[in-house]
Amino acid sequence: MTGRAKKAVAAPKKKANGYKMPAPITTGEIIHDTTMKKKWRIGPSIGVGGFGEIYSACDHDSTPKGSNYPFVVKIEPHENGPLFVEKHFYIRNAKMEDITSFMKSKKLSSLGMPSYYGSGSHDYKGEKYRYLVLERYGKDLWSLFTDSGRSFPAPTVFQIGLQMLDVLEYIHSRGYVHADIKGANILLGLKKGTENQAYLVDFGLAARVNDKEFKPDPKYAHNGTIEYTSRDAHLGVATMRGDLEILGYNMLQWLVGTLPWEKLKQPKAVQEMKEAFMKSVKTSVAKMSGNVPDALIKFFEYINTLKAKDVPDYVKCRQIFETYLKSQGVTRNSKLAFTPTKKTKTSKTITVDDESDEEPLKKSPKKKTDKVVRRRNPKAKQPSPEENGENEEPKESEKKKKAKRKSSEPSVLVKVKKPKLAPKATPPVKKNHTNIATQTSIEKRRSPRVVSFDSPISLEMGEKIPLKRSKENEPKNTSADMFEDSFEKKKSKRKEKILVSDEEYTEKRVVKKKVTIVKPKGRSWKDAPTVMNGRSPPK
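Keep in mind that this is a model prediction, so the values were computed, not measured.

Undergrad: So what exactly am I meant to see when it comes to the pattern of salt bridges here?
TA: Two side chains of opposite charge can pair, provided their charged atoms sit close to one another. Inspection of the entire model under this criterion finds 14 salt bridges. Note that K106 and E169 form a salt bridge whose closest N and O atoms lie 3.0 Å from each other. Pair noted here: K106 is in helix 3 (residues 96–106) and E169 is in helix 5 (residues 154–173), with a separation of 63 residues, a long-range link. By relative accessible area, which is 38% here, K106 ends up partly exposed. As a salt-bridge pair, E245 and R231 come within 3.2 Å of each other at their nearest N and O atoms. Of this pair, E245 sits in helix 7 (residues 240–256) while R231 sits in helix 6 (residues 231–234); the two residues are 14 residues apart in sequence, bridging distant segments of the chain. Comparing E245 with R231, the two get one shared label, buried. Put simply, K106, D166, E169, R318, E322 and R332 are held in one network by salt bridges that share partners.

Undergrad: Would you take a moment to explain the packing of aromatic side chains for this structure?
TA: Enumeration according to the criterion identifies 21 aromatic pairs in this entry. Both rings, one in F89 and one in Y176, keep their centres 5.1 Å apart while their planes meet at 80°; by these two values the pair is edge-to-face. Here Y176 lies in strand 7 (residues 176–177) and F89 lies in helix 2 (residues 82–93), a separation of 87 residues in the sequence. We classify F89 as buried; its relative accessible area is 2%. The exposure class of Y176 is buried, given its relative accessible area of 6%. When the ring of F158 is compared with that of Y324, the centres are 4.6 Å apart and the planes differ by 40°; the resulting orientation is tilted. Of this pair, F158 sits in helix 5 while Y324 sits in helix 11 (residues 314–327); the two residues are 166 residues apart in sequence, bridging distant segments of the chain. Here F158 and Y324 have matching classes, each one buried. Taken together, the ring pairs in this structure connect F158, Y249, W261, F277, F299, F300, F321 and Y324 into an aromatic cluster.

Undergrad: Is there a simple way to think about the layout of surface pockets in this case?
TA: Any space left empty among the atoms is revealed by the rolling of a water-sized probe across them. Roughly 930 Å³ of volume is contained in the second largest pocket. Lining the second largest pocket are 30 residues; nearest its centre among them are G49, F51, K74, N185 and D202. Elements with a contribution of two residues or more to the lining of the second largest pocket: strand 2 (38–48), strand 4 (71–77), helix 2 and strand 6 (127–135). For the lining of the second largest pocket, the class distribution of residues is 14 nonpolar, 9 polar and 7 charged.

What counts and what doesn't
- Residues numbered from 1 in each chain as written.
- Predicted model: local features only at pLDDT ≥ 70, side-chain atom pairs only at ≥ 80, totals over all residues.
- Heavy atoms only, no water.
- Salt bridge = Lys/Arg side-chain N within 4 Å of Asp/Glu carboxyl O.
- Helix = DSSP H or I, 4+ residues; strand = E, 2+ residues; numbered from the N terminus.
- Buried < 20%, exposed > 50% of the residue type's maximum accessible area, 1.4 Å probe, protein only.
- Phe/Tyr/Trp six-rings, centres within 6.5 Å; stacked < 30°, edge-to-face > 60°.
- 1 Å grid on protein atoms, 1.4 Å probe; cavity = no way out; pocket = protein on both sides within 12 Å on 5 of 7 lines; lining within 4 Å.
- Points joined across faces, edges and corners; volume = space filled by probe spheres on them.
- Nonpolar A, V, L, I, M, F, W, Y, C, P; charged D, E, K, R; others polar.

Shown next, in the form of structure tokens:
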């Protein structure tokens with residue numbers, strides 16, 4: 001009774017999927033493998049799966065340095081099922097001599113198929129556990145995928161695709177299908193020389209190839225990881241063409257980042273989207289963001305030609321992948337690169353005070369992706385307004401900054417019609433001069449206001465009265481003055497006295513309306529002699 005009570009207290013909880021999780025096992029626990037006649041020593045835990053826990057392990061007689069345990073032990077309570085399926089798959093198909101024989105027949109230097117090292121049952125604190133001993137591998141592709149910003153370089157995707165084709169051909173030749181290919185189940189080698197070899201693990205859903213007539217089985221419908229499950233697996237049938245389809249979905253995700261149906265929760269909705277995708281692969285891929293090589297589209301189109309019981313043409317699939325790699329200057333044995341080579345979005349912005357002509361950042365040289373933004377020094381001498389042409393249109397940013405017009409010319413733009421007489425040649429003008437009222441009549445004006453010299457304004461100002469030149473041969477009245485006086489008169493609503501005679505007239509200007517140009521030491525255009533007919537003054 002007492003023993004039963006203790007067992008009930010220490011009983012592990014069940015997960016949501018119904019599998020019972022094992023109680024933590026103490027580091028240093030010895031496992032006796034009666035089949036292989038070996039002893040294994042348990043190390044620190046390295047992960048928890050959906051069915052049990054994974055511990056690092058080593059031979060009982062060896063003493064690994066630090067955490068460098070060369071093996072792993074997968075442990076689950078005896079009443080669970082996944083490890084039972086995986087254990088028997090390894091016993092039948094993962095012997096070292098079988099793997100070596102296949103590699104020789106295919107002339108492969110390496111194969112991503114894990115080797116079987118041992119299995120059995122173990123009692124721990126009154127609880128019976130099932131265990132499986134395998135070689136320890138490195139990081140999984142899903143972790144690398146998320147660390148790389150959910151994107152792999154295209155050559156890397158096709159290199160991994162080639163390695164997985166080799167493993168699938170081996171598994172299919174043994175009469176099995178994997179049915180659960182995904183980044184979390186693909187690990188990189190940990191031993192020296194195997195860092196660029198990917199290994200396909202987790203055969204908990206491995207099933208024998210069905211030799212009977214293809215018939216949907218509702219009992220096993222939607223089996224596997226929903227994002228990558230093949231159309232056949234959605235119907236409850238595991239097929240060899242289904243394994244290729246699952247691999248294709250993984251490669252597509254590694255290229256574009258997200259699958260179209262990835263956020264859907266209903267298996268039926270996911271199945272319908274996959275059916276639509278495979279009906280027109282080229283059109284569906286074109287709608288996705290990201291660069292998908294034609295080689296992957298050809299791979300999907302080849303899968304569509306296969307029947308349920310067909311054995312895939314692995315040579316043809318390899319040729320599709322290898323042709324693309326050759327076009328990129330990469331071979332299947334090249335080093336796997338998981339970080340994108342070009343980072344266009346992560347460019348650095350460097351701000352530099354523009355005080356001198358020296359090269360910025362002498363201590364840390366610029367990279368090609370760095371942008372240098374020069375910040376203007378307020379104390380530095382600003383360029384003169386004369387550096388640019390008078391008739392140049394001011395920039396939009398400058399227009400927004402000028403809330404009020406800081407000049408003595410009229411605040412309304414006028415459009416003057418072209419005179420009947422051909423205008424004389426205009427002398428060189430002051431650069432960046434913004435007096436639009438005195439521009440030549442040949443130029444196109446942008447304002448909708450049109451004023452001609454026959455307008456009432458001209459009549460009111462006494463255009464018909466002949467203008468006489470003074471002794472200094474300077475014109476006393478110009479078109480600009482007339483326009484300015486008329487607008488000032490309307491704006492201020494003040495009557496001004498204009499003395500008119502046959503020879504000359506004088507006028508009283510409003511001093512308050514006169515504003516100097518921005519340049520402090522510059523000379524105003526009004527201070528220089530002007531030319532008739534709205535011409536700009538000489539420089």
